[in-house]
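A structural walkthrough
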Amino acid sequence: MLKNISLDKLKTIHSLYQTNSLSQTAKDHFVSASAISQSLSSLENQLDKQLFIKIGKKMTPTSYCEELIQIYEPFLKNMSLFLQNKKTESMDVTGELKIFVPGVAGSKILANPFSDFLKLHPKLNLALDSGSAARALKELHLNQFDFAVCGLKKIIGQHKWCMSHFLFNLNMNLYCSKDYFQKNKNLIQSKKFDQLEYISSYQDQYMLNWYFEEIHNLKFQFKSKLSVYDMNFMKKCVSNSLGIGLLAEELAQDEIKSGKIVKISQKSLTHPMFLIHQKQKDLSYTEARFREFLLDYFK
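Let me begin by describing the structure that accompanies this report. (Residues numbered from 1 in each chain as written. Predicted model: local features only at pLDDT ≥ 70, side-chain atom pairs only at ≥ 80, totals over all residues. Heavy atoms only, no water.)

Right, let's get into the overall build of the protein. When its secondary structure is counted, the protein shows 14 helices and eleven strands. Per-residue burial over the protein gives 41% buried out of 299 residues. For the protein, contacts bridging at least 24 residues in sequence account for 73% of all contacts bridging at least 6. Put simply, the protein shows about 16,700 Å² of open surface, and 50% of that area lies on carbon and sulfur atoms. (Helix = DSSP H or I, 4+ residues; strand = E, 2+ residues; numbered from the N terminus. Buried < 20%, exposed > 50% of the residue type's maximum accessible area, 1.4 Å probe, protein only. Contact = heavy atoms within 4.5 Å. Areas by Shrake-Rupley, 256 points an atom, 1.4 Å probe, with all protein chains shown as cover.)

Structure (structure tokens):
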């Protein structure tokens, strides 16, 4: 029976075990949810055991599945280490990688994985630049960079030459200063947003498609309109009581902990970040290792 079980099916089941979601697992594997469901059914038939119980949209692992995962995970880790070591032995990761990153997310969230990759491959140099998503894609297309990390999915979708890989989500919330909240407490709690000032920083032609519909429909008095989404500028405006701003929780921890700003949204928005490279370009050994490392890091 075991000789007919493919490693791909076990890998899929492991992903499903981690996400508890058919749709998220399908997204991670770049296939349809029905394909994941078929792979699950096939493996369950082979094992003659149920691996997951579907409750609503959540896939809950059975005790048999838990035992299978406990056996599979050490194998997966050891196999990954073995393959990585053999590849490293046969070929060094050298040269220079040019990467275009978002300003604040680049320095706070990407700093650790970039540093870890350099520790593994001391002969490599990383050359970084930062700026708007539009500029990132433009310069990547002109071969000025090997990779870009970009968060505007709508812009990415307009460029068919791009190959994008999901990395992580930023959790976005509406924030204002404590003083602003106290002065406008009644308006905020009653959602009379047409009488409040909202710090806007996006390009109209690239409406951020990760806004929830309800926020699209809210009526704010727009205090400013920037051409580039600048988290540092937003934090300064919000902290100085200039109005309400949309901030990433992961990038505003200092302001949140110090009490400079307070969250006023009822639920978070998700802002996905992607690793992007040219679709038609064959990746070098170094580029491929970097992509695999980063995708594995944020898995």
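Turning our eyes to something else, we now look at the layout of surface pockets. Approximately 1,800 Å³ is the volume attributed to the largest pocket. Elements with a minimum of two residues in the lining of the largest pocket: helix 1 (7–19), helix 2 (22–29), helix 4 (63–90), helix 6 (111–120), helix 8 (153–157), strand 6 (162–177) and helix 14 (285–297). Residue contributions to the lining of the largest pocket peak at eleven residues, all from helix 4. Of the residues assigned to the lining of the largest pocket, the class counts are 20 nonpolar, 13 polar and twelve charged. (1 Å grid on protein atoms, 1.4 Å probe; cavity = no way out; pocket = protein on both sides within 12 Å on 5 of 7 lines; lining within 4 Å. Points joined across faces, edges and corners; volume = space filled by probe spheres on them. Nonpolar A, V, L, I, M, F, W, Y, C, P; charged D, E, K, R; others polar.)

This paragraph deals with a nonpolar patch on the surface. On the surface, Leu-7, Phe-75, Met-79, Phe-82 and Leu-83 cluster together to form a nonpolar patch covering roughly 450 Å² of accessible area. Per element, the largest residue contribution to the nonpolar patch is four residues, and it comes from helix 4. Here Phe-82 lies in helix 4. Given a relative accessible area of 46%, Phe-82 falls into the partly exposed group. (Patch = residues over 30% accessible without salt bridge, like charges linked within 9 Å, V, L, I, M, F, W, Y side chains within 5 Å. Salt bridge = Lys/Arg side-chain N within 4 Å of Asp/Glu carboxyl O.)

As a further point, take the environment of His-277. Among the secondary structure elements, His-277 is positioned in strand 11 (residues 269–278). The exposure class assigned to His-277 is buried, which follows from its relative accessible area of 5%. In this structure, the C-alpha to C-alpha distance between His-277 and Phe-145, residues 132 residues apart in sequence, is 8.6 Å. Contact partners of His-277, with chain neighbours within four places excluded, come to Leu-140, Asp-146, Phe-147, Trp-161, Cys-162, Met-163, His-165, Leu-283 and Arg-291. Looking at His-277, its side chain comes within polar contact range of the side chain of Arg-291, at 3.4 Å. (Polar contact = N/O pair within 3.5 Å; in protein donor to acceptor, adjacent residues only side chain to side chain.)

On to helix 3 (residues 33–47), then. Taking 1.5 Å as the rise per residue, helix 3 with 15 residues should run 21 Å; its terminal C-alpha atoms sit 21 Å apart, in good agreement. Along helix 3, the residues that are buried comprise Ile-36, Ser-39, Leu-40, Leu-43, Glu-44, Gln-46 and Leu-47. Along helix 3, the residues classed as buried sweep out an arc of 160 degrees about the axis, all on the same side. Turned more than 90 degrees from where helix 3 packs its buried face, Gln-38 and Asn-45 sit exposed. (Expected span 1.5 Å × (residues − 1). Arc of directions from axis to C-beta.)

This part is about the pattern of salt bridges. A full pass over the atoms with the stated rule returns seven salt bridges. The partner of Lys-281 in a salt bridge is Asp-146, and the shortest N-O contact between them spans 3.5 Å. Placement of the pair is Lys-281 in the loop between strand 11 and helix 14 and Asp-146 in the loop between helix 7 (133–141) and strand 5 (147–150), with a sequence separation of 135 residues. We classify Lys-281 as partly exposed; its relative accessible area is 30%. Judged by its relative accessible area of 15%, Asp-146 falls in the buried class. Here Glu-287 and Lys-281 are joined by a salt bridge, their closest N and O atoms 3.4 Å apart.

Non-glycine residue Asp-48 carries a positive phi angle of around 60 degrees. With a phi close to 65 degrees, Ser-241 is a non-glycine residue in the positive phi region. Under the relative-accessibility criterion, Ser-241 is labelled partly exposed at 26%.

All right, on to the nonpolar core then. With 45 residues, the main nonpolar core has Leu-170, Ile-244, Leu-247 and Phe-290 as its most contacted residues. No other element matches the seven residues that strand 6 contributes to this core. Discounting chain neighbours no more than four positions away, the residues touching Leu-170 are Ile-109, Ala-248, Glu-250, Leu-251, Leu-269, Thr-270, His-271 and Met-273. (Core = buried A, V, L, I, M, F, W, Y, C linked by side-chain atoms within 4.5 Å.)

On their own, these measurements won't tell you what the molecule is for.
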